[in-house]
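# Coordinates in review
Read off the chains here:
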Amino acid sequence: SKREGFATIPDVSWDDIGALQKVREQLQTAIVEPIKQPELYAAVGITAPTGVLLWGPPGCGKTLLAKAVAAESKANFISIKGPELLNKFVGESEAAVRRVFSRARSSVPCVIFIDELDALVPRRDDAGSESSARVVNTFLTELDGLSERQGIWVIAATNRPDIIDDAMLRPGRLETPLFVDLPGPGERVEILRALLRNKPVDNLAEIAELARTEACNGYSGADLGALLRQAGQHAIHRKVARLEYQDFQYACTQVKGSVNKKVMNRF
Ligand code: ATP
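Read on for a plain summary of the structure.

Conventions we followed
- Residues numbered from 1 in each chain as written.
- Predicted model: local features only at pLDDT ≥ 70, side-chain atom pairs only at ≥ 80, totals over all residues.
- Heavy atoms only, no water.
- Helix = DSSP H or I, 4+ residues; strand = E, 2+ residues; numbered from the N terminus.
- Buried < 20%, exposed > 50% of the residue type's maximum accessible area, 1.4 Å probe, protein only.
- Contact = heavy atoms within 4.5 Å.
- Areas by Shrake-Rupley, 256 points an atom, 1.4 Å probe, with all protein chains shown as cover.
- Lys, Arg positive; Asp, Glu negative; His and termini not counted.
- Charge placed at Lys NZ, Arg CZ, Asp CG, Glu CD.
- Near = heavy atom within 4 Å.
- Polar contact = N/O pair within 3.5 Å; in protein donor to acceptor, adjacent residues only side chain to side chain.
- Pairing = 2+ DSSP bridges.
- Axes fitted to C-alpha atoms, helices over the stretch in contact; angles between N-to-C directions.
- Phe/Tyr/Trp six-rings, centres within 6.5 Å; stacked < 30°, edge-to-face > 60°.
- Lys NZ or Arg CZ within 6 Å of the ring centre and 35° of its normal.
- Salt bridge = Lys/Arg side-chain N within 4 Å of Asp/Glu carboxyl O.
- Core = buried A, V, L, I, M, F, W, Y, C linked by side-chain atoms within 4.5 Å.

## Section: the overall build of the protein
The helix and strand tally for the protein stands at 12 helices and five strands. Referenced to the eigenvectors of the C-alpha coordinate spread, the extents of the protein come out at roughly 55 × 45 × 35 Å. Burial status across the protein gives 45% buried among its 267 residues. Looking at the protein alone, contacts between residues at least 24 apart form 78% of all its contacts between residues at least 6 apart. About 13200 Å² of surface is accessible on the protein, with carbon and sulfur atoms providing 51% of the total. Each charge class in the protein was averaged separately, 34 positive and 34 negative side chains, and the resulting centres sit 4 Å apart.

Okay, here's the thing in structure tokens:
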């Protein structure tokens, strides 16, 4: 949609996110507190880091975390996907990168979320092409320009940390890499609980425990979302307006984990 790349305030809170406790605390310290209390940093005479990189397998909450950071700090949120900025015409991709940062400057405090960063800034030697090197350089220039306290934070995300240009990770750029892992059994229970918040369920505790079982091994958060949708459809077919244990039992047989070994080997 054409709203892409414009500022909004997302309606995601920390409570909508299950597990990921450590990453949440790190984001709270790295971004939310500096946005809410810039005077603390000014008093001590240090600048807060302006960029973090969320990396990890697909569907494990990177986008959700970025939205919650913006909402919790009451900052504007600009969300783009790396490939959307790429344009085959000479100079257009660089212009698109600059446009994102200039929009952010006109709506501070602002969190810029860049999903699929790897498409935008592949390692310059690998990619080979001159045009992609120019995009990387433009992005670096914009990031470096943020070191002054302007109220703009960048959260980038990738499933392919292996192909990102190393220069991104230097101090003052995306200097804090935060790993967002595939959830383990207990974490799946926490995520399903978060997804079921405000949903009409019978026996929440019992249903959430299903996520701990072997049937859900390898599920990402996104797969747990799919589980909830399958259960919902099952309930609708039964002509009931509440989600019950049997709906989730059935859904477990329908949803397969989407993150395979090959993908996990990247991490
Ligand atoms: P990708 O790398 O594919 O962009 P992602 O890591 O950004 O994926 P999200 O888009 O944040 O993943 O997650 C997809 C959906 O899965 C969310 O909208 C949410 O419904 C669910 N989900 C994922 N992780 C969690 C979580 N930790 N708690 C609650 N819901 C989650």
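Structure's up, so let's keep going.
## Here's the deal with the site of the ligand
In the neighbourhood of the ligand, 17 residues make up the surrounding shell, with G18, G59, K62, T63 and L64 lying closest. Within the backbone of G59, a nitrogen or oxygen atom sits 2.8 Å from an oxygen atom of the ligand. Interatomic distance of 3.0 Å between a backbone N/O atom of L64 and an oxygen atom of the ligand. Compared with its free state, where it exposes 630 Å², the ligand has 78% of that area covered by protein. Elements with a contribution of two residues or more to the shell around the ligand: α3 (62-72), α8 (185-195) and α10 (221-237).

## A few points about the sheet that holds strand β4 (residues 152-158)
With parallel pairing, the five strands of this open sheet are ordered in space as β2-β3-β4-β1-β5. The open sheet is flanked by β2 (76-81) and β5 (176-179), the only strands paired with a single partner. Each adjacent strand pair in this sheet contributes to an overall mean axis angle of 20°, direction not counted. Of the pairings in the sheet, the one linking strand β1 (residues 51-55) to β4 comprises five bridges and is parallel in character. Within β4, the residue paired with V52 across the bridge is I155.

## Observations regarding the packing of aromatic side chains
Counted according to the given criterion, the structure contains five aromatic pairs. Between the aromatic rings of F179 and F267, the centroid separation amounts to 6.0 Å while the plane-to-plane angle is 40°, which identifies the pairing as tilted. One end of the pair, F179, is in strand β5; the other, F267, is in the segment after α12 (261-264), and 88 residues separate them in sequence. A network of ring pairs unites the aromatic residues W55, F179 and F267 as a single cluster. The lysine or arginine in question, R103, covers the ring of F6, its NZ or CZ lying 4.1 Å from the ring centre.

## As for the side chain of D223
Relative to the helices and strands, D223 resides in helix α10. Among buried Asp, Glu, Lys and Arg side chains, D223 stands out as unpaired, with R229 the closest opposite charge at 7.7 Å. Separated by 2.8 Å, the side chain of D223 and the backbone nitrogen of S258 make a polar contact. If near-sequence neighbours (up to four positions away) are discounted, D223 is found in contact with G218, V255, K256, G257, S258 and V259.

## So, the nonpolar core
Ranked by size, the top nonpolar core spans 30 residues in total, and within it L27, I31, L54, L65 and I155 carry the most contacts. The dominant element in this core, judged by the number of residues it contributes, is helix α1 (residues 21-36), at six residues.

## Observations regarding the environment of P49
Position of P49 among the secondary structure elements: in the loop between α2 (38-44) and β1. Of the residues examined, P49 reaches a relative accessible area of 24% and is grouped as partly exposed. A sequence separation of 103 residues divides P49 from I152, and the C-alpha atoms of the two residues are 10 Å apart. For P49, the contacting residues outside a window of four places in its chain are A30, W153, E175 and T176.

## Considering the side chain of D247
Mapped onto the secondary structure, D247 falls in helix α11 (residues 245-254). Since its relative accessible area comes to 0%, D247 is described here as buried. A distance of 2.9 Å separates polar atoms of two side chains, one belonging to D247 and the other to R238. Setting aside residues up to four positions removed in sequence, D247 forms contacts with A231, H234, A235, R238 and R242.

## Concerning the pattern of salt bridges
Within this structure, the stated rule accounts for 10 salt bridges. D115 is the partner of K81 in a salt bridge, and the nearest nitrogen-oxygen pair spans 3.9 Å. With K81 in strand β2 and D115 in strand β3 (residues 110-115), the pair connects residues that are 34 residues apart, well separated along the chain. Linked by salt bridges that have partners in common, R238, E244 and D247 make up one network.

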